[in-house]
Amino acid sequence: MTIGEAAKTSGVPAKMIRYYESIGLIPKAVRNDSGYRFYGVADIHALRFIRRGRDLGFSIDAIMQLLALWRDQNRASADVKRIALKHAAELRSKIADLQAMLGPIEHLADHCQGDDRPDCPIMDDLADQAARVEHDVREPARRRSKTTRRHSLTT
């Protein structure tokens with residue numbers, strides 16, 4: 001089948017199929033005399049495998065490892081489980097990071113009147129943080145400048 005048909009059948013956009021070929025995630029497609037790519041049943045299975053892995057949030061590197069294990073009939077399921085558990089730990093960490101962001105955002109939104117007035121604790125917080133960052137960037141430069149002047153006066 002052509003790349004368009006493969007995309008439709010597998011649920012992977014043609015652009016991604018070309019990308020997966022370019023990085024070696026799937027083998028280069030067979031081309032006819034006109035240069036059109038053609039894909040077989042095994043290619044479609046691999047593309048569906050990749051799509052499911054991406055849907056579950058696996059990285060390209062992890063999917064590459066999983067594909068290699070999928071193709072290896074002598075694989076140890078422990079190797080597959082190790083990759084899955086590593087991914088689960090990464091997801092837990094991301095969830096914790098997102099939850100840590102959620103509390104302050106909800107707190108700020110709860111304290112915003114949400115009316116026609118311009119004052120807003122959300123904007124105040126964002127602006128205060130921006131000012132702190134600017135201060136932190138400028139302050140070390142001032143300290144270095146004073147230290148340099150003192151050093152040059154004493155030598």
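Presented here is an overview of the structure given in this document. Not measured: the values here are computed from a predicted model.

All told, the structure shown has 4 salt bridges when counted by the stated rule. Among the ionic pairs, Arg117 bridges to Asp115, the shortest N-O distance being 3.1 Å. For Arg117, a relative accessible area of 45% translates into the label partly exposed. You can call Asp115 partly exposed: its relative accessible area is 37%.

The next thing to look at is the nonpolar core. Counting residues in hydrophobic clusters, the biggest one holds 22 residues, and the most contacted among them are Ile17, Tyr20, Leu25, Ile26, Tyr39, Leu47 and Ile50. Those elements giving two or more residues to this core turn out to be helix 1 (3-10), helix 2 (14-22), helix 3 (41-55) and helix 4 (60-71). Among the elements that make up this core, the one with the highest residue count is helix 4 (6 residues). If we ignore the near neighbours within four places in the chain, the residues touching Ile26 are Ile17, Tyr20, Glu21, Ala46, Leu47 and Ile50.

With that settled, consider the layout of surface pockets. Taken as a whole, the largest pocket spans an internal volume of roughly 160 Å³. For the lining of the largest pocket, the elements supplying multiple residues, two or more each, are helix 4 and helix 5 (77-111). It is helix 5 that contributes the most residues to the lining of the largest pocket, 7 residues altogether. A per-class count over the lining of the largest pocket returns 4 nonpolar, 4 polar and 5 charged.

Rules and cut-offs
- Residues numbered from 1 in each chain as written.
- Predicted model: local features only at pLDDT ≥ 70, side-chain atom pairs only at ≥ 80, totals over all residues.
- Heavy atoms only, no water.
- Salt bridge = Lys/Arg side-chain N within 4 Å of Asp/Glu carboxyl O.
- Buried < 20%, exposed > 50% of the residue type's maximum accessible area, 1.4 Å probe, protein only.
- Core = buried A, V, L, I, M, F, W, Y, C linked by side-chain atoms within 4.5 Å.
- Helix = DSSP H or I, 4+ residues; strand = E, 2+ residues; numbered from the N terminus.
- Contact = heavy atoms within 4.5 Å.
- 1 Å grid on protein atoms, 1.4 Å probe; cavity = no way out; pocket = protein on both sides within 12 Å on 5 of 7 lines; lining within 4 Å.
- Points joined across faces, edges and corners; volume = space filled by probe spheres on them.
- Nonpolar A, V, L, I, M, F, W, Y, C, P; charged D, E, K, R; others polar.

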